[in-house]
Structure formats: structure tokens, C-alpha cells
Amino acid sequence: MINLSKVRTKMPEQDPRVRTGNFDEVATGYTEEMAIREALRCLKCREHPCQTAGCPIHNHIPEFIEKITMGAFEEAYQILAETTSLPAVCGRVCPQYLQCEGKCVRGEKGRPVAIGALERFVADWHRKNVGAEAGDVAGAASGDVAGLNAGADTASDSTKISDESSNDGVKVAVIGSGPAGLACAGVLAEKGYSVTLFEKEELAGGVLAYGIPKFRLPAEILETELEELKAAGVTFETGKALGKDFTLDELEQQGFKAVFIGNGAGKSMRLGVPGQEMTGVLPASTFLYDVNVKGAYPDAERIAIIGGGNVAMDACRAAVRCPAAQKVTVVYRRSVAEMPADPAELREAEAEGVEFLYLTGPVEVVGQDGHVTGLKCQKMALTEPDASGRRRPVPVPDSEFVLDADCIIEAIGSQSDNACADGVTTSDRGLIVVDEETFATSRPGVYAGGDTVTGPKTVIAAMGAGRKAAAAMCEYLA
């Protein structure tokens, strides 16, 4: 029987007054009863736009949700595993409001079905009750602290590859252990190739390991996926950077027959204002790495975050959890209506005490003896929409003021750095140019996908690119 409630089943979570004092996961997950109740809200509509138009990898959303209504949680998991390698990860960090849930028919007259929460529930249920012992097909594309899994993940229709028994010993390299690299490595290992994954950091997992705070993505979730890849035979070489520790030519000389580059877009963009070189100004990537990996927090009472995207939300919510922090402020030059961050993340940040200065732009970092003491800002106004439909911020005359701050975090975007990918054509933005169908680069045998090709996108989009590239690489190697 369909649950006709217009309100979705609320997921339990830590009280904001409690969670700002820890890095434990904020949302604690559905119970079985809650998951069934929410799954019953699915209308089983004929067109299922959540799957066809909303999900980048076309997860079989209505089918896995129907299994939940029956209490068949493992069957639901196996349906998800046909197309996704990281349901526990994607269920937590993907922007469902822009993807599957954004296309849900229930959203036309109420709240959409909580597809992400249901995906998370199924993955967590499987991990706790079945795990790797059940012929697990999950883990080919995650990332975090330990090893990796090559989950026997079944490719979607666009990435199905015929099994080849002659692939044993054929060496393939994957550069970057973020979602794209892990997904690619998982598919290649499943098909019998000898896969070596190179990661420039000492920690495997890419942005999943060091860019997403643990209150959103707990370490044990990632560790499970990584261990599965490791158990499937993927060899990890951490602390090995392209251009520094090896080149594409050297990989070829070592007998690697194909290479996938999935090194992400981890080079932070700078503010470009006077004073940005002062001590206390940090790129968001550096700040999040220090917090997530090193457990190192800035000794700052007043922290300002510049930006309005999801990285800014991760940074400000991590900042309020820093022991010395007393005031955390987000500075964004447009209004809340233009803010690209997930609305749910914004609400949680507000509940945790983060302050927001909208229509405010940075002008100069001010300081004393080379250390930050404040951020000079000016108020902004929005123009009428331009040809693209976006309103441009322009300065308001005589509106400058100084925001007190002893730490400033830049969260205004990131870009790829592929200067060392010799023989591979890049765009003027430093992104690798690939064939849209095969993900092949200009260098024979070298493929690329994820943020290093598209710029910063979602985990599931990068994962899909890695899987499709792996399919093309199998055809090339055959």
C-alpha cells in the first residue's frame, strides 16, 4: 500500500548543540521500519524520471525501493550493485536534490522520496548483516583510508564488457584513487587485469578521504570499500605522484598496456586579493586535509570562509567543530537564492551556528606582522539577469568594512593540474581533453575521466566516467 504522506520520513540525527563538539556522523540513519515507511511513498510511476533523467548512472531506483517495501533489503542491495560501486558513499554525499530526488514525481506536490537515505540504508544494512561474505558486488569506486575493493560490480548497459580469461597478467595503471579511479580500477580488476593504482597522497581515497568531513562520510564506510578493492587484487602505490615519481613514458616502459588518469581537480583557486599570502589564509583543500587526515586544527577564534558551494559548507561546518573556534562566518558575494550549496547542508550549517554574510565580496586581507587579523569586504548588488540568466554581483559604492578574522579559508573553486601528463592534450583550463564516448585522450592507450576532465562535479558522475572509461579500455586492450 502506498504511503500518501507529502512529508518524508525524517532521518534521526545528532542535536546541533551536541554535534558541534564532535566529528561523528550527523545523521544516524533509518531503522528498518523507517526505511519501509519511506519506501512506501514511491508511486511506482511508469516513466521513473528519478532513474532515467535524474541519476547519472541510471541506478534501478524503483526496483530497489520496491524490494525495501517487502523487507528484502539484501535483494535491494544487489539491485543497486548492478550499477553502482559506492551506494553507502553516494547515499551520503551525492546531491540528490539536483539528481534523482530532483526528478521524483512526489516532489511536485510535497517532498520527494528520500532516495539517497534509502540507498544509504540498504548499503549500511548489507555491510552490517552480509558484508563481503555474500559475493559482495559493491566497492569498486570509493575511497578512504585503507585499501580498496574491486567489488564484483556489474556494469550498467552502457559499460558491459565481455569476460576475458586471457587478461591475467596484463598490466593496467590507474592514476588517482578518487571516485573515478576507484570505479575504473574495480571494473578492470573484475575483468582479470593486473591493476596498479597510484595515489599521490599517503592515503588512498582521494577527495573522499581528505576532502569530505567525517561527520558526513565516516572513515569506516570508506575503509570497507577500499578493503574490498584490495581483496580483489588491486595493488595500491600511495605517495606516488605523476610527474614527480613517475611519468607516462615510464609506465609504458614498465609494461603497462593502458593508463587511466583520474587525478581529480585538487588545485585550489586563490582569492586574488592583496594580502592573500599572509599566515592564516588557507585553501579549503588544505584546511580539510589537515582536519580530516591529520586531526590538526587552526588555532583561530574567528574563522571566515569565502565561497558558497558545497566545499564552503564542508569547510564552515568543520570550522565550527575546531576547538578554538568561537565565531565562523561564510562570506558569499551573491544572495542565498544563487547559492550553489546543497540547501540541506546550508540548513545544517545554520543550525550549527555558522553565520552568513550574503551579497558581500572580499577586497583585501588585512593583518599585522604578516598574520591575518581581518578581511576587508564590500557589499554587493546584483544586476539584472544576463544572457545566461545569471545575475552578476557589482560593488556598492562606499560600502567597505572589515570583518574580524584570524583565519581565512578560500573555498572559491578548484582546478586540475595536468601539466605533467606528457603527450596528453589539455584545455586552457588545464582539463584533459577526451573523446566523449570512449574517454580516450590524445595519447594512445591513455584514458581519463572525472573532475580532471570535467572540472569539479559529483561523486557519482566521476564514478560513472571511471566505469565507462574502463569499458573502453577493455575494448582497446582486446
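Keep in mind that what you see is a predicted model, and the values were worked out from it rather than measured.

Parameters and conventions
- Residues numbered from 1 in each chain as written.
- Predicted model: local features only at pLDDT ≥ 70, side-chain atom pairs only at ≥ 80, totals over all residues.
- Heavy atoms only, no water.
- Helix = DSSP H or I, 4+ residues; strand = E, 2+ residues; numbered from the N terminus.
- Rg over C-alpha atoms; globule rule 2.2 N^0.38 Å.
- Buried < 20%, exposed > 50% of the residue type's maximum accessible area, 1.4 Å probe, protein only.
- Phe/Tyr/Trp six-rings, centres within 6.5 Å; stacked < 30°, edge-to-face > 60°.
- Lys NZ or Arg CZ within 6 Å of the ring centre and 35° of its normal.
- Salt bridge = Lys/Arg side-chain N within 4 Å of Asp/Glu carboxyl O.
- Core = buried A, V, L, I, M, F, W, Y, C linked by side-chain atoms within 4.5 Å.
- Contact = heavy atoms within 4.5 Å.
- Pairing = 2+ DSSP bridges.
- Axes fitted to C-alpha atoms, helices over the stretch in contact; angles between N-to-C directions.
- Polar contact = N/O pair within 3.5 Å; in protein donor to acceptor, adjacent residues only side chain to side chain.
- Patch = residues over 30% accessible without salt bridge, like charges linked within 9 Å, V, L, I, M, F, W, Y side chains within 5 Å.
- Areas by Shrake-Rupley, 256 points an atom, 1.4 Å probe, with all protein chains shown as cover.
- Parallel < 35°, antiparallel > 145°, perpendicular 65-115°, else oblique.
- Nonpolar A, V, L, I, M, F, W, Y, C, P; charged D, E, K, R; others polar.
- Arc of directions from axis to C-beta.

Caption draft 1: Local environment of the overall build of the protein chain. A count of helices and strands for the protein chain gives 16 helices and 15 strands. The C-alpha atoms of the protein chain give 23 Å as radius of gyration, which agrees with the globular expectation for 478 residues (23 Å, within 12%). For the protein chain, the C-alpha atoms occupy an extent of roughly 70 × 60 × 45 Å along the three principal directions. The buried share of the protein chain, reckoned over its 478 residues, is 55%.

Caption draft 2: View of the packing of aromatic side chains. The tally for this structure, following the rule as stated, stands at 9 aromatic pairs. Between Phe356 and Tyr358 the ring centres are 5.8 Å apart and the planes differ by 10°, which places this aromatic pair in the stacked class. A connected cluster of aromatic rings, assembled from ring pairs, spans Phe23, Phe215 and Tyr297. The ring of Phe215 carries the charged tip of Arg321 above its face, separated from the ring centre by 4.0 Å.

Caption draft 3: Geometry of the pattern of salt bridges. Taken as a whole, this structure holds 29 salt bridges when the rule is applied. Glu25 serves as the salt-bridge partner of Arg120, at 3.0 Å between the closest nitrogen and oxygen. With Arg120 in helix 7 (residues 115-129) and Glu25 in the loop between helix 1 (16-19) and helix 2 (32-39), this residue pair connects regions lying 95 residues apart in the sequence. One network of salt bridges, in which partners are shared, links Glu13, Arg19, Arg216, Asp314, Arg317, Arg321, Glu345, Glu348 and Glu352.

Caption draft 4: Up close: the nonpolar core. Grouped together as the largest cluster of nonpolar side chains are 46 residues, with contacts concentrated most on Tyr30, Phe64, Ile65, Ile68, Val89 and Leu118. Looking at this core, the elements with two or more residues in it are helix 2, helix 4 (61-69), helix 5 (73-81), helix 6 (87-93), helix 7, helix 10 (219-231) and helix 16 (459-477). Residue contributions to this core peak at 7 residues, all from helix 7. Residues in contact with Ile68, not counting those within four places in the same chain, are Ala35, Ile36, Ala39, Phe73, Ala76, Leu118 and Val122. Counting 45 residues, the second largest nonpolar core, distinct from the first, contains Ala189, Leu229, Phe246 and Phe439.

Caption draft 5: Representation of the sheet that holds strand 3 (residues 235-238) within the structure. With parallel pairing, 5 strands are arranged side by side in an open sheet as 3-2-1-4-15. Sheet topology places strand 3 and strand 15 (446-448) at the edges, where each strand pairs with a single neighbour. When strand polarity is set aside, the average angle formed by the axes of neighbouring strands in this sheet is 20°. Two elements, strand 2 (residues 194-199) and strand 3, share 4 bridges in a ladder whose sense is parallel. Note that in strand 3 the partner of Thr196 across the bridge is Thr235. Those strands touched by helix 8 (residues 179-190) are strand 1 (171-175), strand 2, strand 3 and strand 4 (258-261), and its axis lies near 165° from that of strand 2. The sheet strands contacting helix 16 are strand 1, strand 4 and strand 15, and the helix crosses strand 4 at an angle near 165°.

Caption draft 6: Summary view of the side chain of Asn292. As for its position among the elements, Asn292 is in helix 12 (residues 284-294). According to the relative accessible area criterion, Asn292 is buried, its value standing at 8%. A polar side-chain atom of Asn292 sits 3.4 Å from the main-chain carbonyl oxygen of Ile212. Not counting residues within four places of it along the chain, the set of residues in contact with Asn292 comprises Ala209, Tyr210, Gly211, Ile212, Pro213 and Lys214.

Caption draft 7: Region of the structure containing the environment of Asn59. Structurally, Asn59 can be placed in the loop between helix 3 (49-54) and helix 4. Through-space distance from the C-alpha of Asn59 to that of Gly295 is 36 Å; in sequence the pair is 236 residues apart. When neighbours within four sequence positions are excluded, Asn59 is seen to be in contact with Gln51, Leu80, Thr83, Thr84, Glu119 and Ile460. Separated by 2.6 Å, the side chains of Asn59 and Thr83 make a polar contact.

Caption draft 8: Quick peek at unusual backbone geometry. Although it is not a glycine, His58 sits at a positive phi angle of roughly 55°. Inspection of the secondary structure puts His58 in the loop between helix 3 and helix 4.

Caption draft 9: The arrangement of a nonpolar patch on the surface in detail. On the surface, Ile2, Leu4 and Leu43 cluster together into a nonpolar patch covering about 270 Å² of accessible area. The residue Leu43 is located in the loop between helix 2 and helix 3 in this model. Using a relative accessible area of 34% as the deciding quantity, one classes Leu43 as partly exposed.

Caption draft 10: Broad picture of the packing of helix 4 against helix 5. Closest axis-to-axis distance for the helix 4/helix 5 pair is 7 Å, and the angle between their directions is 170°. When the interaxial angle is binned, helix 4 and helix 5 end up roughly antiparallel. Residues Glu63, Phe64, Lys67 and Ile68 of helix 4 lie in contact with helix 5, whose contacting residues are Phe73, Glu75, Ala76, Ile79 and Leu80. Looking at side-chain class alone, the contact of helix 4 with helix 5 contains 6 nonpolar, no polar and 3 charged residues.

Caption draft 11: How the structure looks around helix 4. Here helix 4 has its buried residues at Ile61, Pro62, Phe64, Ile65 and Ile68. Down the axis of helix 4, the buried set is contained in an arc of 165°. They therefore lie on one face. Residues of helix 4 that are buried in the fold lie against helix 2, helix 3, helix 5 and helix 7. Residue Gly71 follows helix 4 closely and has a positive phi angle near 75°.

Caption draft 12: Region of the structure containing the sheet that holds strand 13 (residues 407-410). The 5 strands lie next to each other as 6-13-7-8-9, forming an open sheet whose pairing is parallel. The outermost strands of the open sheet, each flanked by one partner alone, are strand 6 (281-283) and strand 9 (355-357). Within the sheet, the average angular offset between the axes of one strand and its neighbour, ignoring direction, is 25°. Strand direction decides the pairing type here: strand 8 (residues 327-331) and strand 9, joined by 3 bridges, are parallel. The partner of Val331 across the bridge, within strand 9, is Leu357.

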